[in-house]
Amino acid sequence: MFKPEIIEKFRQIPTPFYYYDLDVLNVTIGRSVLEAGRYGYQLHYALKANSNPKILKSISSAGFGADCVSGNEVQAAIENGFPASQVMFAGVGKTDHELRLALQYGIESINVESIQEMEVINELASGMGVKARVSLRIIPNVDAHTHRHITTGLEENKFGILPWQFDAVLEKLRSLHRLELQGLHFHIGSQITDLGVFKSLCERVNEINAWFTEQGYLADIINVGGGLGVDYSEPDKCSIPDFESYFRVFSDLIELEGRQKLHFEPGRAIVAQCGSLITRVLFVKEAVNTRFAIIDAGMNDLIRPALYQSYHKIENLTSKGEKRKYDVVGPVCESADCFGKAVSLPETKRGDLVAIRSAGAYGQTMASRYNLRDLAGEVYSDEI
Ligand code: LLP
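Here we summarise the structure given alongside this text.

What counts, and where the lines are drawn
Residues numbered from 1 in each chain as written. Predicted model: local features only at pLDDT ≥ 70, side-chain atom pairs only at ≥ 80, totals over all residues. Heavy atoms only, no water. Near = heavy atom within 4 Å. Polar contact = N/O pair within 3.5 Å; in protein donor to acceptor, adjacent residues only side chain to side chain. Areas by Shrake-Rupley, 256 points an atom, 1.4 Å probe, with all protein chains shown as cover. Nonpolar A, V, L, I, M, F, W, Y, C, P; charged D, E, K, R; others polar. Domains from an automatic or database assignment. Phe/Tyr/Trp six-rings, centres within 6.5 Å; stacked < 30°, edge-to-face > 60°. Helix = DSSP H or I, 4+ residues; strand = E, 2+ residues; numbered from the N terminus. Buried < 20%, exposed > 50% of the residue type's maximum accessible area, 1.4 Å probe, protein only. Lys NZ or Arg CZ within 6 Å of the ring centre and 35° of its normal.

**Overview of the site of the ligand**
Reasoning step 1: What surrounds the ligand is a group of 19 residues, the closest being Ser190, Glu265, Arg304, Tyr308 and Tyr362.
Reasoning step 2: With respect to the ligand, the side chain of Arg268 contributes an N or O atom lying 2.8 Å from an oxygen atom.
Reasoning step 3: In the model, a nitrogen atom of the ligand is placed 2.7 Å from a nitrogen or oxygen of the Tyr308 side chain.
Reasoning step 4: Protein chains shield 92% of the accessible area of the ligand, which is 580 Å² for the free molecule.
Reasoning step 5: When grouped by side-chain class, the residues that make up the shell around the ligand number six nonpolar, seven polar and six charged.
Reasoning step 6: Each of two domains, domain 1 (4–17 + 273–380) and domain 2 (22–270), supplies a minimum of three residues to the shell around the ligand.

**Points about the packing of aromatic side chains**
Reasoning step 1: The tally for this structure, following the rule as stated, stands at 20 aromatic pairs.
Reasoning step 2: Judged by centre distance (4.9 Å) and plane angle (90°), the rings of Phe247 and Phe264 are edge-to-face. Within this pair, whereas Phe247 is found in helix 9 (residues 243–253), its partner Phe264 is found in strand 9 (residues 261–264), the two being separated by 17 residues in sequence. Like Phe264, Phe247 is buried.
Reasoning step 3: Within the aromatic cluster, the residues linked to one another by ring pairs are Tyr39, Tyr41, Phe198, Phe243, Tyr246, Phe247, Phe250 and Phe264.
Reasoning step 4: Lying over the aromatic face of Tyr380, Lys54 brings its terminal NZ or CZ to 5.1 Å of the ring centre.
Reasoning step 5: The ring of Phe89 carries Lys94 above its face, with NZ or CZ at 5.6 Å from the centroid.

Dropping the structure here:
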């Protein structure tokens, strides 16, 4: 919900732009740190969700580590206050250049996803005269029950190492003297709202961790990834995810040995609700069986609805008219450029301001310049 004085300020700003409410961000950060802190759990923020420097600084200053998936993310994490000793680098296809950068910084862990990658890292580390701390990204075969594009922990997904490869991986590890096994890494998917899924994850992690321990590999870090979902239908009422119940699932079920530490990599849960995409209505057009509200933000600014058919709450900020139904679409030359069908909005006209809510995660970071469109701006609540 936006206060009238904020909406007045929005009127002066060229659209489309991302608006970040730093109060929501800071309360979310504070709550996640508090709830994780009860159990001594370490949080690594997944930069892919949002990598704006200002947001990164707020998160790093709260003591988070960083979860990165490219050399540029590793660089951005370090430039924005995450200590290299708390930076993880995951990803199924890392280039030699990116791996060298990670080794130069001496980051906390490179999460390896295949035997071939282990060999390459060993060779690069040897050439640089350093040791590489690595974690094994493991496919636990747990179904996240989320959209198929954001499910990552199943056998058919490209991510990680499968259990039948464990023996070969350990044999390889014994022969690669530049690698130090630091941890076991799991991430099963994103926007998970059924906590039962995390219970299944805990069971698999316990089995796998026990197996490695029996083989003489006690991993210091058990990293259970991210994935906690947010409430896209109630961005105001449920602006803070239920971190309490989430961490409690792990505290109840996960079995750690001795010095093992549990790590989490939340992305969406930290930043989704603080961001909204603010856009203007360009035209309203009657059509067969529907009525289009054509806005000046497009799928290039926020691709989630087009790519995952995901729901984002859409609000007309400047009309109090009678409710009508609109297909809210963007200007991009694709029929998929649609933010919502049959959306109930107060009577909407050219010039109205529209907010697309819960856009702080995987909004700006997934933007493109398709159709040579300019990238949306960004505006922070403490700057207007
Ligand atoms: N750790 C790893 C290894 C990941 O691959 C991801 C997300 C995360 C952590 C953070 O997950 P989160 O807490 O944000 O769920 N673009 C999609 C989401 C892709 C997620 C990719 N991996 C979307 O807009 O829904």
